[in-house]
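# Secondary and tertiary structure notes
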Amino acid sequence: MAISALWCLFFSLLTWGCPSGCAEESPAPHDVTGDAKKPVLLRDIAATTAFISAAEVAVIGFFQELERPEVSNFHIVVGKIQEIPFGLSTNPEVLSHYNITSNTISIFRMVDHKRQDLELTDGKKIDATKMSRFIQINELRMVTEYNPVTAIGLFNSTVQTHLLLFTDKTSQEHTERVRRYREAAELFRGKILFVLVDSNVKGNERVMSFFNLKKSQLPALAIFHTPDEEQDVLPLGEVTVEHVQDFCNGFFERKQRKEDPSPEEKTEL
Ligand SMILES: *[C@@H]1O[C@H](CO)[C@@H](O)[C@H](O)[C@H]1NC(C)=O
Ligand SMILES: *[C@@H]1O[C@H](CO)[C@@H](O)[C@H](O)[C@H]1NC(C)=O
């Protein structure tokens, strides 16, 4: 396998540009109307930690001063992205607790306990589109749907083993499959990022062929360890917690044996 083949694949996907529905839609109107979605005002540290721990992904705008263009841009983004809770804090105690030294948008993720910051320093001219893209890249969940934008965030995570479930989202079994897959994800939190790849999306055919998978073999699992590109593939009759668990544990055990052979295996060599 060519060096960093999967990486190259993802980067080539990236150079295709933005998939429909990601950050390149026309800019939102700048007149934020009265009934637009608003961020939750976080008045103290306790409210802020509670807000963060209540969601798989939460975004907070930490602002030292509110009369700034980036704050209006933040409000535009809050109005546009429905599926993520947004908070806002200007309390100096809260800002200092989170080590904020300039206006910053932070995304907090449950899946790898990671926080990513977008600092809104003067020179950078971060408009609403750039803010949305930052959020979409870093929006990793317990089960993250693969697309060229989330791929960037997935490969930037400190969790370097990724499990991909290739499945047809229009299948009647889809909901139940994802429910079980998610249940398995809880068991490997912090060790494996769980990814969903919809086999109906045209661009995803390339990810499928990277793992030599055909549509007729789906649903299927593929596991990938980014540093050494070790991988394994398993077509599944049925997605169950046990199948997923056995597949992942088997992968880790084989890897472990390679890295650290037991004394008997050493003497056999
Ligand atoms: C703030 O920085 C200190 C020192 O680097 C670190 O120990 C602490 O965990 C940070 N606080 C948060 C909430 O990340
Ligand atoms: C990747 O992660 C690093 C370190 O956490 C961060 O500084 C960088 O902004 C991230 N890159 C993207 C594209 O989000």
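Here is a short report on the structure shown in this document.

Cut-offs applied
- Residues numbered from 1 in each chain as written.
- Chains lettered and ligands numbered in written order.
- Predicted model: local features only at pLDDT ≥ 70, side-chain atom pairs only at ≥ 80, totals over all residues.
- Heavy atoms only, no water.
- Near = heavy atom within 4 Å.
- Polar contact = N/O pair within 3.5 Å; in protein donor to acceptor, adjacent residues only side chain to side chain.
- Areas by Shrake-Rupley, 256 points an atom, 1.4 Å probe, with all protein chains shown as cover.
- Nonpolar A, V, L, I, M, F, W, Y, C, P; charged D, E, K, R; others polar.
- Phe/Tyr/Trp six-rings, centres within 6.5 Å; stacked < 30°, edge-to-face > 60°.
- Buried < 20%, exposed > 50% of the residue type's maximum accessible area, 1.4 Å probe, protein only.
- Helix = DSSP H or I, 4+ residues; strand = E, 2+ residues; numbered from the N terminus.
- Pairing = 2+ DSSP bridges.
- Axes fitted to C-alpha atoms, helices over the stretch in contact; angles between N-to-C directions.
- Contact = heavy atoms within 4.5 Å.
- Expected span 1.5 Å × (residues − 1).

Here we come to the site of ligand 1. Contacts to ligand 1 come from His97, Tyr98, Asn99 and Arg115. Between a nitrogen atom of ligand 1 and a main-chain N or O atom of His97, the distance comes to 3.4 Å. In the environment of ligand 1, an oxygen atom lies 2.2 Å from a nitrogen or oxygen atom belonging to the side chain of Asn99. Relative to its unbound accessible area of 360 Å², ligand 1 is 32% covered by the protein chains. The class makeup of the residues in the shell around ligand 1 is one nonpolar, two polar and one charged.

Turning our attention to the site of ligand 2. In the vicinity of ligand 2, the contacting residues are Lys114, Gln116, Asn138, Ile152 and Asn156. A distance of 2.3 Å is found between an oxygen atom of ligand 2 and a side-chain nitrogen or oxygen belonging to Asn156. A total of 360 Å² of accessible area belongs to ligand 2 in isolation, and the protein chains cover 50% of it.

Let us look at the packing of aromatic side chains. The full count for this structure, using the stated rule, is 12 aromatic pairs. Between Phe210 and Phe211, the aromatic rings sit 4.9 Å apart at their centres with planes inclined by 85°, giving edge-to-face as the arrangement. Across this residue pair, the class does not change: Phe210 and Phe211 are buried. Aromatic side chains Phe210 and Phe224 sit 5.9 Å apart centroid to centroid with 70° between the ring planes, which places their arrangement in the edge-to-face category. Placement of Phe210 in helix 8 (residues 205-210) and of Phe224 in strand 9 (residues 220-225) is noted, with a sequence separation of 14 residues between them. Comparing Phe210 with Phe224, the two get one shared label, buried. One aromatic cluster is present, formed by Phe166, Phe210, Phe211 and Phe224 through successive ring pairs.

Turning to the sheet that holds strand 10 (residues 230-235), a few remarks are in order. Strand order in the open sheet formed by five strands is 6-8-7-9-10, and the pairing between neighbours is mixed. Two strands lie at the open edges of the sheet, namely strand 6 (143-145) and strand 10, each paired on one side alone. The average undirected angle you get between the axes of adjacent strands in this sheet is 25°. Where strand 7 (residues 161-167) and strand 9 come together, six bridges link them in antiparallel fashion. When the sheet's bridge partners are listed, Leu165 is paired in strand 9 with Leu221. Where helix 6 (residues 148-155) meets the sheet, its contacts fall on strand 6, strand 7, strand 8 (193-198) and strand 9, and the angle it forms with strand 6 comes to roughly 140°. The strands touched by helix 9 (residues 241-259) within the sheet are strand 7, strand 8, strand 9 and strand 10, with strand 10 carrying the most contacts at an inclination of about 150°.

Along its 19 residues, helix 9 runs 27 Å from first to last C-alpha, staying within 8% of the 27 Å computed at 1.5 Å per residue. Among the residues of helix 9, Val241, Val244, Phe247, Cys248, Gly250, Phe251 and Lys255 are the ones counted as buried. In this structure, the buried residues of helix 9 make contact with strand 7, helix 7 (174-187), strand 8, strand 9 and strand 10.

This brings us to the side chain of Ser102. Structurally, the position occupied by Ser102 is in the loop between helix 4 (92-97) and strand 4 (104-109). Classification of Ser102 as buried rests on a relative accessible area of 15%. Apart from the residues within four sequence positions on either side, Ser102 is in contact with Phe62, Gln64, Glu119 and Thr121.

Another point: the pairing of strand 4. With six of six residues buried, strand 4 is to be regarded as a mostly interior element. Residues Thr104, Ser106 and Phe108 of strand 4 are buried on one face, and the alternating residues Ile105, Ile107 and Arg109, pointing to the opposite face, are buried as well. With six bridges joining them, strand 2 (residues 57-62) and strand 4 adopt antiparallel strand pairing. When the bridges of strand 4 are listed, Val59 appears paired with Ile107. Examined bridge by bridge, strand 4 and strand 5 (residues 114-119) share six bridges and lie antiparallel to one another. Counted as the bridge partner of Ile105 is Leu118 from strand 5.

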